[in-house]
Protein chains: 2
Amino acid sequence: LTAPRILRPKPLTATAFARYGDVIEADDAKRRLINEGRTIRYHDLARIDTSGDEGRVCVSIFRSTPPAYPLTLRVMENHPVASQAHIPLSGRPFLVVVAPRGRFDAGALEAFIAGPSQGVNYHKGVWHHYNLALGGVSDFLVIDREGRGDNLEEVTLDPAHPIVLSPEAV
Amino acid sequence: LTAPRILRPKPLTATAFARYGDVIEADDAKRRLINEGRTIRYHDLARIDTSGDEGRVCVSIFRSTPPAYPLTLRVMENHPVASQAHIPLSGRPFLVVVAPRGRFDAGALEAFIAGPSQGVNYHKGVWHHYNLALGGVSDFLVIDREGRGDNLEEVTLDPAHPIVLSPEAV
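Residues numbered from 1 in each chain as written. Chains lettered and ligands numbered in written order. Predicted model: local features only at pLDDT ≥ 70, side-chain atom pairs only at ≥ 80, totals over all residues. Heavy atoms only, no water.

**Student:** Would you mind showing me how to read the overall build of chain A here?
**Tutor:** Across its full length, chain A holds one helix and 17 strands. Taken over C-alpha atoms, the radius of gyration comes to 17 Å for chain A, in line with the 15 Å a tight globule of 170 residues would show. Seen along its three principal axes, the alpha-carbon backbone of chain A occupies a region of about 65 × 35 × 30 Å. Partitioning the intrachain contacts of chain A with sequence separation of at least 6 by distance along the chain shows that 82% fall at a separation of at least 24. Surface exposure of chain A reaches about 7,400 Å², of which carbon and sulfur atoms provide 51%. Placing the 19 positive and 20 negative side-chain charges of chain A at their respective mean positions leaves the two points 3 Å apart. (Helix = DSSP H or I, 4+ residues; strand = E, 2+ residues; numbered from the N terminus. Rg over C-alpha atoms; globule rule 2.2 N^0.38 Å. Contact = heavy atoms within 4.5 Å. Areas by Shrake-Rupley, 256 points an atom, 1.4 Å probe, with all protein chains shown as cover. Lys, Arg positive; Asp, Glu negative; His and termini not counted. Charge placed at Lys NZ, Arg CZ, Asp CG, Glu CD.)

See the structure below:
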């Protein structure tokens, strides 16, 4: 058993997250004024990709209870056929743990802390931890895929080399 | 000029809204337990329909300033090619004004008050008012369509027969 590696979240930014997916947030570069001037539309913030293998878009609500932190990571997953977006509905931040698509590399794991007004859209095949609430039971809108075929791959992390997620930011 | 007709919102329920679209909310009939028991997934809550005429799903954020209420309705719209969903992100209720698809009938207008944990998904062709915030500037996640072709029809209401939306519920 090696000493645990401590994974601390970095602030979530579109640039830092670009290799994994989209950050869904009010981005002034994408603003349009509509509805007689009463609404700012921040337009087209995520690349939703659910049509492969005869899939369709599926909208769900996730109600997540935070795990006990620090959390020893046990399993990571990816969706090989579709993107998956999580947008917070409860005004609380949440944690995001990702690794690049392709062969899973535990050494490449990165953690981010998403603010209460930031969603994420994992692109197809990007390794991520399941939804990690912070600070209380939290609801999220999830935009993913429904359809035939297997859209879930999982890896179990090696318990001999523990990786521990701490909610304290870098 | 006739006396204004006052339109008051009814509470939003899936049953009352069924002819117009979906109510996106945590519905116990659709719950599944996932993520090692830490997440309740309320699964597949809206019929998103954006693929007609080579369209694709588009995710945006609307930041809406409430109009002054009572509000004399001036214009209604529908999207003939796609559905459009609005999910509140700011923990505030909002107002919804709709009329059945097909030839616009001002006499058939109905108003609903959506709670802070209720979204709506207008089905293709359903007449609706643009986003109506209540109680303060509010953000909404909007799931609609991007693509070629014209996806907006508007009607202007007859100013000689005013219809006035009051935020006070029935």
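**Student:** Mind showing me how you'd approach the interface of chain B and chain A here?
**Tutor:** Often, the extent of an interface is quoted as the loss of accessible area upon association of its parts. Counting from both sides, the interface comprises 39 residues of chain B and, opposite them, 39 residues of chain A. Carbon and sulfur atoms supply 53% of the area that chain B and chain A bury against each other, a total of about 3,600 Å² over both sides. Taken as a group, B:Arg38, B:Ile61 and B:Tyr130 account for 19% of the area that chain B buries against chain A, more than any other trio of residues on that side. Across the chain B-chain A interface, the total number found is six salt bridges. Across the pair A:Arg41 and B:Asp144 runs a salt bridge whose closest N-O atoms are separated by 2.9 Å. Summed over the shared surface of chain B and chain A, the result is 30 residue pairs in polar contact (both at pLDDT 80 or more). Listing elements by their share of the side of chain B that touches chain A, those giving two or more residues are β5 (39-42), β6 (56-64), β9 (84-88) and β15 (138-146) of chain B. Taken together, the residues of the side of chain B that touches chain A break down into 21 nonpolar, eight polar and 10 charged. Note that strand β5 (residues 39-42) of chain A and β6(B) share four bridges and pair antiparallel. Bridging across to β6(B), A:Thr39 finds its partner in B:Ser64. (Buried area = accessible area lost by both parts, 1.4 Å probe. Salt bridge = Lys/Arg side-chain N within 4 Å of Asp/Glu carboxyl O. Polar contact = N/O pair within 3.5 Å; in protein donor to acceptor, adjacent residues only side chain to side chain. Nonpolar A, V, L, I, M, F, W, Y, C, P; charged D, E, K, R; others polar. Pairing = 2+ DSSP bridges.)

**Student:** I would appreciate a short explanation of the nonpolar core in the present structure.
**Tutor:** Here is a general trend for soluble globular proteins: nonpolar side chains tend to be buried in one another's company. Membership of the largest hydrophobic core comes to 28 residues, with the highest contact counts inside it found for A:Ile24, A:Leu141, A:Ile143, B:Ile24, B:Leu141 and B:Ile143. Of all elements in the fold, only β5, β6 (56-64), β9 (84-88) and β15 (138-146) of chain A together with β5, β6, β9 and β15 of chain B reach the threshold of two or more residues within this core. Ignoring anything within four residues of it in the chain, the contact list for B:Ile24 reads A:Val59, A:Ile61, A:Leu141, B:Leu45, B:Ala46, B:Ala85, B:Ile87, B:Ser117, B:Gln118, B:Gly119, B:Val120 and B:Asn121. B:Leu7, B:Phe104, B:Tyr130 and B:Leu157 belong to the second-largest nonpolar core, a separate cluster that totals 17 residues. (Core = buried A, V, L, I, M, F, W, Y, C linked by side-chain atoms within 4.5 Å. Buried < 20%, exposed > 50% of the residue type's maximum accessible area, 1.4 Å probe, protein only.)

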